[in-house]
Amino acid sequence: MNLKNLESFIVLAEELHFGRAAQQCGISQPAMSRLLSDLEKQVGVKLLDRSSRDVSLTTGGQAFLDAARQATAQMDMGIRAARTSIVDGIDRLTVGMMLGAAQPYVGRLIRQFKELHPETRISLCYLDERSIGSALSSGEIDVAVAWEVSIPVGIKHRYLASIPLSVLVPAGHRLEKKESVGFEDLRGEPMIIPARDRQPIIYNVYRQYIAEFGFEPTIAIEVATHYDLFAMVAGKVGVGNAPVVEGICYPGVSILPQRPVLDLKYNLAWIDDSRSVQSLLTLF
């Protein structure tokens, strides 16, 4: 029994189709059948029930599938550890991204980290403001990229970058030709704003900022991500504001400078000074 056979069995157990599984594994269908027969002989139990119409896992096959997945995962970790000589002990890095944090500077930071630790598994996940502290303290994420004012008290953080707030209007909008747009220009416009239940701090700051110009926003819809905002503006649901670096574009959306300029500061936040976090901090 070797790793390749276990991996082939996992594919077969997930597909429950000999032809598709064989194609994925790069072998013939008869070879896949022989592989299963050999495994069943070695294990001593029937792993799959086969009929002219259906293929299904037996109880023993399900137990073997769980064990095979664990074995291949452990082997994968061992291979990556061997390749990196386990010098730094950095196996993974999970980065939590808050609204507005998906910017090129994060991509550059991840690229630099990957150059130092090519075998490290890096994943991104999106956070609400209320979950930053719990996600960090529970170990769900290693670091968060968050708007400076939304980082809870007591969490370590370091400045990453400042992104100017821009005004987003649908293509062909009356404001599209203006060199810059102030909040007073948005009076009466249906506005797309951050979702209050997911981003309460950003929501409140945004409302207060508009109030300084003497009007209440006409709210068209609340959104949770940058992608939602761009899609809604492109669909002419309303206008919005977002931190946008120069050169970013989206079909059907005109991105205009805001007046006066308001820079949003984004920080890297963390709790545990793990090796992965320490390495990341050396890059900026």
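Provided above is the structure to which this section pertains.
Report on the accompanying structure. (Residues numbered from 1 in each chain as written. Predicted model: local features only at pLDDT ≥ 70, side-chain atom pairs only at ≥ 80, totals over all residues. Heavy atoms only, no water.)

Comments concerning unusual backbone geometry
The phi torsion of most residues other than glycine is negative, and most of the peptide bonds are trans.
Stage number 1. For the peptide bond that leads from arginine 259 to proline 260, omega is -5°, which places it in the cis range.
Stage number 2. Among the structural elements, proline 260 can be located in the loop between strand 11 (253-259) and strand 12 (263-270).
Stage number 3. A positive phi is found at leucine 16, a non-glycine position, where the angle reads about 50°.
Stage number 4. By secondary structure assignment, the location of leucine 16 is in the loop between helix 1 (3-15) and helix 2 (18-25).
Stage number 5. Of note in the backbone geometry, lysine 236 takes a positive phi value of approximately 65° without being a glycine.
Stage number 6. As for its placement among the helices and strands, lysine 236 is situated in the loop between helix 8 (226-234) and strand 10 (239-243). (Helix = DSSP H or I, 4+ residues; strand = E, 2+ residues; numbered from the N terminus.)

Observations concerning the environment of threonine 218
Stage number 1. Here threonine 218 is to be found in strand 9 (residues 218-223).
Stage number 2. In this structure, threonine 218 is in contact with Gly188, Glu189, Pro190 and Met191, ignoring residues within four places of it in sequence. (Contact = heavy atoms within 4.5 Å.)

Here's the deal with the pattern of salt bridges
Stage number 1. Enumeration over the complete set of coordinates arrives at eleven salt bridges.
Stage number 2. Linking arginine 69 and glutamate 14 is a salt bridge whose minimum nitrogen-to-oxygen distance equals 3.1 Å. In this pair, arginine 69 is assigned in helix 4 (residues 59-83) and glutamate 14 in helix 1, connecting sequence segments 55 residues apart.
Stage number 3. Arginine 69 gets classed as partly exposed once you look at its relative accessible area, which sits at 35%.
Stage number 4. We note a salt bridge from lysine 156 to aspartate 273, for which the minimum N-O separation is 2.4 Å. Of this pair, lysine 156 sits in strand 6 (residues 156-170) while aspartate 273 sits in the loop between strand 12 and helix 9 (275-281), and the two are 117 residues apart along the sequence.
Stage number 5. Here the salt bridges share partners, and the residues they tie into one network are Glu184, Asp185 and Arg259. (Salt bridge = Lys/Arg side-chain N within 4 Å of Asp/Glu carboxyl O. Buried < 20%, exposed > 50% of the residue type's maximum accessible area, 1.4 Å probe, protein only.)

Details of the packing of helix 1 against helix 3 (residues 29-43)
Geometry of a packed helix pair, given as the angle between the helix axes and the separation of the axes.
Stage number 1. The N-to-C vectors of helix 1 and helix 3 enclose an angle of 110°; their axes lie 10 Å apart at closest approach. Viewed along their axes, helix 1 and helix 3 adopt a mutual orientation that is roughly perpendicular. For the pair formed by helix 1 and helix 3, the contact residues are Asn5, Ser8, Phe9 and Leu12 on the first element and Met32, Leu35, Leu36 and Leu39 on the second.
Stage number 2. Tallied by class, the residues present in the contact of helix 1 with helix 3 amount to six nonpolar, two polar and no charged. (Axes fitted to C-alpha atoms, helices over the stretch in contact; angles between N-to-C directions. Parallel < 35°, antiparallel > 145°, perpendicular 65-115°, else oblique. Nonpolar A, V, L, I, M, F, W, Y, C, P; charged D, E, K, R; others polar.)

Points about the nonpolar core
Stage number 1. The biggest cluster of nonpolar side chains holds 38 residues, and the ones touching the most others in it are Tyr105 and Val145.
Stage number 2. With near-sequence residues (within four places) excluded, valine 145 lies in contact with Val95, Gly96, Met97, Met98, Ala101, Tyr105, Val106, Leu160, Asn267 and Leu268.
Stage number 3. In this structure, Val11, Leu12, Ala13 and Ala68 belong to the second largest nonpolar core, which totals 19 residues. (Core = buried A, V, L, I, M, F, W, Y, C linked by side-chain atoms within 4.5 Å.)

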